[in-house]
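Spelled out, the chains give:
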Amino acid sequence: MAALDKSAATPATVDKAPAPLVLAGVMSLSAPATDPALLASLFQPLRLSDVLTLKNRIVLAPCTRNCADPGLVPTAGAADYYVERAAAGLLVTEATLITQHCQGYRDTPGIYTEAQVRGWRRVTDRVHAAGGAIFSQLWHVGRLAHPYYTGVPAVCPSAVPTEGLCHQVRGVVLNYMPVRSLDASEIRRLVRTYLDAALNAMAAGFDGVELHGGNGYLIDQFLRQTTNKRYDRYGGRIEDRARFAIEVTDAIAGRIGPERVAMRLSPAAYFGLMDYTPGDEETLIHLLQNLSQRRLAYVHLALHDDHQVYGYLKGRASAFLRRHYRGTLIGNGGYKPAEAAAAVGAGQFDLAAFGRLFIANPDFVERLRLGSELRSYERGLLELFR
Ligand SMILES: Cc1cc2nc3c(=O)[nH]c(=O)nc-3n(C[C@H](O)[C@H](O)[C@H](O)COP(=O)(O)O)c2cc1C
């Protein structure tokens, strides 16, 4: 087991924040105009699988928009948002709820009712008509769910309390409430809930699903010792902590094909009230070795800043994923186009996802192609979402 190098891990602690939107909101990001010749690697097509070839290596990172209607159906504005960005090789949707009991943030869309499936069908039809490809990011927030939205206590691997205030969009501030641990039969039912959501995503016309296994949400809570204190099939040993992620992946891959399933992971635990415990990296390595055998669409790094070096990962988080996962890798986290292109060119990852710069520049891909200046990301841009 790698020893925790405190100096290298320090930025992870400093960056810790109670929720993605808070962190996302306070960090601006800018990038200079770049000579298109330096970006050539981003414009190479990539055969993702037998069923999908991407026209370039640029990915729209999943970004929560908090704009769903009262039935948590994506709005016409959501369709406009994705269509405007369809020049990317791949779009990944904002995190999307797999059931009504797993909501932690305001106005986030779901994919568990017929109306939601119809709403997403309007999105995917328009994206496909514009020549784009789109995956649905499937989301259960586990202990970060809130009874304010769900009416019931949040469920999670172990009843490790969430503490403090959760600042949300449009002035909502919630106190975290007591949470409850799942029993084994509930966990099995949750695997089925993920599968149902994935089948709904297929019915809605998505090209595939990305399981949100990062940022301190339910799947991540199973992987980490901070939040998983179980001693049964789903906790205790490394393979038990990884079991939920693998069972969900296999349940879905068995029905829609592994080439339509992807996993997002946060090897650097700094988010969603998560902490690193020595040995967590062994669980991730076990999981990545298992995922490597499954011919999935891709694995996707979730991180705000991939420039940080972590002692327990023996380098950058993207390098950790590259070392332990054999398959297509999406890099992400504070990348400016030129350095993302260099990383793709050097084989550090195969595709580059952009969040904040793509929010600020709907025509991001065209601007890169032409070498035009990019607008900076600022928190206020989130207010413009419809
Ligand atoms: C407004 C906003 C919302 C986000 N929502 C999600 C989300 O729903 N799912 C997710 O996996 N990551 C989410 N993220 C993280 C991004 O996908 C990405 O990892 C992060 O912004 C770092 O990439 P960037 O430096 O290119 O912005 C969000 C980020 C921002 C800025």
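Residues numbered from 1 in each chain as written. Predicted model: local features only at pLDDT ≥ 70, side-chain atom pairs only at ≥ 80, totals over all residues.

### Let's talk about helix H6 (residues 184-203)
Thought 1: The first and last C-alpha atoms of H6 sit 29 Å apart over 20 residues, in line with the 28 Å expected at 1.5 Å per residue.
Thought 2: Where H6 is concerned, the buried positions are Ile187, Leu190, Tyr194, Leu195, Ala197, Ala198, Asn200 and Ala201.
Thought 3: Contacts from the buried residues of H6 go to helix H4 (114-129), strand S5 (134-139), strand S10 (208-213) and helix H8 (238-256).
Thought 4: Of the residues trailing H6, Gly205 is marked for its positive phi of about 90°. (Helix = DSSP H or I, 4+ residues; strand = E, 2+ residues; numbered from the N terminus. Expected span 1.5 Å × (residues − 1). Buried ≥ 20, exposed ≤ 12 C-beta atoms within 10 Å, placed from the backbone. Contact = placed C-beta atoms within 7 Å.)

### Section: unusual backbone geometry
Thought 1: The phi torsion at Asn66 lies on the positive side, around 55°, for a residue other than glycine.
Thought 2: Note that Asn66 resides in the loop between strand S3 (58-60) and helix H3 (76-84).
Thought 3: Judged by local crowding, Asn66 falls into the partly exposed class, with 18 C-beta atoms found within 10 Å.
Thought 4: Despite not being glycine, Asn215 has its phi angle at roughly 55°, a positive value.
Thought 5: Here Asn215 is to be found in the loop between S10 and helix H7 (218-223).
Thought 6: Overall, the presence of 26 C-beta atoms within 10 Å leaves Asn215 in the buried class.

### Description of the nonpolar core
The tendency in soluble globular proteins is for nonpolar side chains to be buried as a group.
Thought 1: Counting 116 residues, the largest nonpolar core has Val59 and Ala352 as its most contacted members.
Thought 2: Not counting residues within four places of it along the chain, the set of residues in contact with Val59 comprises Ala88, Gly89, Leu90, Val92, Ile330, Leu351, Ala352 and Ala353. (Core = buried A, V, L, I, M, F, W, Y, C linked by C-beta atoms within 7 Å.)

### Side note on the pairing of strand S11 (residues 261-265)
Thought 1: With respect to burial, S11 is a largely interior element, five of its five residues being buried.
Thought 2: Judged by which residues are buried, S11 turns out to be covered on both faces: Val261, Met263 and Leu265 on one side and Ala262 and Arg264 on the other are all buried.
Thought 3: Pairing analysis gives five bridges linking S10 to S11, with the strands arranged parallel. Residue Val209 lies in a different strand from S11, and its bridge partner there is Val261.
Thought 4: As paired strands, S11 and strand S12 (residues 298-301) are joined by four bridges and run parallel to one another. Looking at S12, one finds that Leu265 is bridged to Leu301. (Pairing = 2+ DSSP bridges.)

### Side note on the sheet that holds S12
Paired through backbone hydrogen bonds, the strands of a sheet run either parallel or antiparallel to each other.
Thought 1: Pairing in this closed barrel of eight strands is parallel, and the strands run S3-S4-S5-S10-S11-S12-S13-S14 around the ring. Geometrically, the sheet is characterised by an average inter-axis angle of 30° between neighbouring strands, direction not taken into account.
Thought 2: Of the pairings in the sheet, the one linking S5 to S10 comprises four bridges and is parallel in character. The residue bridging Leu138 from the neighbouring strand is Leu211, located in S10. (Axes fitted to C-alpha atoms, helices over the stretch in contact; angles between N-to-C directions.)

### Some words on the confidence of the model for the protein
Thought 1: Mean pLDDT over the protein works out to 91, with 92% of the residues at or above the 70 mark.
Thought 2: Taken as a whole, residues 1-26 scores under 50 in pLDDT and shows 49 contacts with residues more than four places along the chain or in a different chain. (pLDDT = per-residue confidence, 0-100.)

### Section: the packing of H8 against helix H9 (residues 280-292)
Thought 1: With their axes 9 Å apart at the nearest point, H8 and H9 run at an angle of 35° to one another. Judged by the sense of rotation from one axis to the other, the crossing of H8 with H9 is right-handed. Within the contact between the two elements, H8 uses Ile238, Glu239, Arg241, Ala242, Ala245, Ile246 and Thr249 and H9 uses Glu282, Thr283, His286, Leu287, Asn290 and Leu291.
Thought 2: Partitioned by chemical class, the residues of the contact of H8 with H9 number six nonpolar, four polar and three charged. (Left-handed = near helix turned anticlockwise from the far one by under 90°. Nonpolar A, V, L, I, M, F, W, Y, C, P; charged D, E, K, R; others polar.)

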